[in-house]
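Chain by chain, the residues run as shown.
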Amino acid sequence: MADKARGKGFKAGLLHGLPIGMGYLSVSFSFGVLAISLGLNWWQAVLISITNLTSAGQVAGLGIMTSAGGLIEMAVSQLVINIRYSLMSISLSQKADSSMNLPSRMLLSFGITDEIFGVASGSGESFSRRYFTGLIVLPVIGWTLGTFLGAVIGSVLPQILIDSFSICIYGMFIAIVLPVCRKDRRIALVSALAISFSVLFYYVGFFDFLSGGFASVLSAVIAALIGAIFLPSSKKEADQDAG
Amino acid sequence: MPVKTFFIYLVIMAVTTYLIRMIPFTLFRRKIENRRVKAFFDYIPYSVLSAMTFPSILYSTGSMLSAAAGTVVALILSFRGRSLLLVAVGAFAGALSVELLMMFLH
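Since this is a predicted model, take the numbers as computed values, not measurements.

A. Seen up close, the overall build of chain B. When helices and strands are tallied, chain B shows 4 helices and 0 strands. Mapped in sequence order, the helices and strands of chain B form the string α-α-α-α. For 106 residues, the compact-globule estimate of 2.2 N^0.38 gives 13 Å, and the C-alpha radius of gyration of chain B, at 21 Å, exceeds that figure by more than 25%. Seen along its three principal axes, the alpha-carbon backbone of chain B occupies a region of about 55 × 50 × 20 Å.

Below is the structure:
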């Protein structure tokens, strides 16, 4: 069985994590700027980033903290915004190979983000503990460092650079999805469906009550459900089951 | 906000987010056999990334024009099977050049 990820170790993971880290540097930069503008210290912003490693959840958490919201409100909002990670965790759990033992799972699950999930999923039919460890190093550093830089020097860099930097992360998503779509028509169909729902939710005023992050997750889940119902099996799955 | 209050918020935030990731990754270790459920989890990575990218990518830079330029560069480079890093940098360069062009034309 051709398994691209089998030979992939720490170094390959590190390399794959580089664009994610770069993207995170710019995204978390704006989080740092935001945290300071809401009255936090730089070390508080950095602590939030290094312990949470998530964009939408952190921004929501920041809002609750600074408006003296309730503790239950904090927990529930994080649960709702970040519940997508549970889906990703289950999906990734299927792809982690036998080197991923219980302590590694407990430790490394901390690094599951949208982008790390996307890259790890796209890396082949399975991935190792070393690969996944390498993959999360630079994103964690980028996310933390970006927050620090944003908090400390946010007002100095030209806006035009910060603005253009944010597209990196989306470029990376395209680089993950498009090659797979070319090879697998079913994934192409489901992806196109997900985009259709996402565009619909974005532009049709009726759906304004859905927040940005939640609308994406909802689009993705509906598309994947439709795919699962109408296009349930393939040869690739049969191979995986046998292997 | 008192430092103690900050830490209480921080712990609740971090622990909730961690458990959401850790519990499924640790407990769902058995391979899924059901064809439909399995297909769902095969599709989810790509449908999530697709929905997160469009239409948000068009609003990710200073203007829709520069974002569109970056998107086109990313699409072409990915279609040719270039690496993640190259596609990301290409999208950035595409967007930045249009932003700079617009700045000089104004």
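B. Highlighting the overall build of chain A. Secondary structure summary: chain A contains 13 helices and 0 strands in total. Here the contacts in chain A between residues at least 6 apart in sequence split such that 77% fall between residues at least 24 apart. Summed over its atoms, the accessible surface of chain A is roughly 10,400 Å², and 70% of this surface lies on carbon and sulfur atoms.

C. View of the pattern of salt bridges. Residue and element names in this part refer to chain A. The tally for this structure, following the rule as stated, stands at 3 salt bridges over all chains. A salt bridge links Arg 186 to Asp 184, with the shortest nitrogen-to-oxygen separation between them at 3.6 Å. Assessed through its relative accessible area of 14%, Arg 186 is described here as buried.

D. Focus on the interface of chain B and chain A. Taken together, the contact between chain B and chain A spans 69 residues of the former and 103 residues of the latter. For chain B, the biggest contributors to the area lost against chain A are Arg21(B), Phe25(B) and Tyr43(B); these three give 12% of the whole. Between the two partners, chain B and chain A, sit 0 salt bridges. Mapped by element, the contributors of at least two residues to the side of chain B that touches chain A are helix 1 (3–27), helix 2 (35–53), helix 3 (64–79) and helix 4 (84–105) of chain B. Here the side of chain B that touches chain A is composed, by residue class, of 47 nonpolar, 13 polar and 9 charged.

E. Expanded view of the environment of Leu38(A). Residue and element names in this part refer to chain A. Residue placement: Leu 38 occurs in the loop between helix 1 (10–37) and helix 2 (42–52). A relative accessible area of 39% places Leu 38 in the partly exposed class. For the pair Leu 38 and Leu 71, spaced 33 residues apart in sequence, the C-alpha separation works out to 19 Å. Apart from residues no more than four positions distant in its own chain, Leu 38 is found in contact with Leu 62 and Thr 66.

F. Fine view of the side chain of Ser60(B). Residue placement: Ser60(B) occurs in the loop between helix 2 and helix 3. For Ser60(B), a relative accessible area of 11% translates into the label buried. At a separation of 2.8 Å, a polar atom in the side chain of Ser60(B) contacts the main-chain carbonyl oxygen of Ile57(B). In this structure, Ser60(B) is in contact with Asp163(A), Ser166(A), Ile167(A) and Tyr170(A), ignoring residues within four places of it in sequence.

G. Region of the structure containing the packing of aromatic side chains. Throughout the structure, instances matching the rule amount to 12 aromatic pairs over all chains. Judged by centre distance (6.0 Å) and plane angle (90°), the rings of Tyr170(A) and Phe173(A) are edge-to-face. With Tyr170(A) and Phe173(A) both in helix 10 (residues 167–183) and 3 residues apart, this pair spans about one turn of that helix. As far as the burial class goes, Tyr170(A) and Phe173(A) line up, both buried. Aromatic side chains Tyr202(A) and Tyr203(A) sit 5.0 Å apart centroid to centroid with 65° between the ring planes, which places their arrangement in the edge-to-face category. Among the aromatic residues, those joined into a ring-pair cluster are Trp43(A), Phe6(B) and Phe7(B). Note that Arg84(A) overlies the ring of Tyr85(A), its terminal NZ or CZ placed 4.6 Å from the centroid. One cation-aromatic arrangement involves Arg182(A) over Phe79(B); the distance from NZ or CZ to the ring centre is 3.9 Å.

H. Main features of the domain arrangement of chain A. Domain annotation for chain A reports domain 1 (4–176) and domain 2 (184–243). Placing a centre on the C-alpha atoms of domain 1 of chain A and another on those of domain 2 of chain A gives a separation of 22 Å.

I. Representation of the domain arrangement of chain B. The assigned domain composition of chain B is domain 1 (1–30) and domain 2 (35–105). Each of domain 1 of chain B and domain 2 of chain B was reduced to a C-alpha centroid, and the two centroids are 31 Å apart.

J. Up close: the packing of helix 2 of chain A against helix 1 of chain B. In contact at an axis separation of 9 Å, helix 2 of chain A and helix 1 of chain B are set at 20° when each is read in the N-to-C sense. The orientation of helix 2 of chain A with respect to helix 1 of chain B, classified from their angle, is roughly parallel. Note on packing geometry: the crossing formed by helix 2 of chain A with helix 1 of chain B is right-handed. Taken together, the residues of helix 1 of chain B that come into contact with helix 2 of chain A (itself represented by Trp43(A), Gln44(A), Leu47(A), Ile48(A), Thr51(A) and Asn52(A)) are Val3(B), Phe6(B), Phe7(B), Leu10(B), Met13(B), Ala14(B), Thr17(B) and Arg21(B). The residue makeup of the contact of helix 2 of chain A with helix 1 of chain B, split by class, is 9 nonpolar, 4 polar and 1 charged.

Basis of the calculations
Residues numbered from 1 in each chain as written. Chains lettered and ligands numbered in written order. Predicted model: local features only at pLDDT ≥ 70, side-chain atom pairs only at ≥ 80, totals over all residues. Heavy atoms only, no water. Helix = DSSP H or I, 4+ residues; strand = E, 2+ residues; numbered from the N terminus. Rg over C-alpha atoms; globule rule 2.2 N^0.38 Å. Contact = heavy atoms within 4.5 Å. Areas by Shrake-Rupley, 256 points an atom, 1.4 Å probe, with all protein chains shown as cover. Salt bridge = Lys/Arg side-chain N within 4 Å of Asp/Glu carboxyl O. Buried < 20%, exposed > 50% of the residue type's maximum accessible area, 1.4 Å probe, protein only. Buried area = accessible area lost by both parts, 1.4 Å probe. Nonpolar A, V, L, I, M, F, W, Y, C, P; charged D, E, K, R; others polar. Polar contact = N/O pair within 3.5 Å; in protein donor to acceptor, adjacent residues only side chain to side chain. Phe/Tyr/Trp six-rings, centres within 6.5 Å; stacked < 30°, edge-to-face > 60°. Lys NZ or Arg CZ within 6 Å of the ring centre and 35° of its normal. Domains from an automatic or database assignment. Axes fitted to C-alpha atoms, helices over the stretch in contact; angles between N-to-C directions. Parallel < 35°, antiparallel > 145°, perpendicular 65-115°, else oblique. Left-handed = near helix turned anticlockwise from the far one by under 90°.

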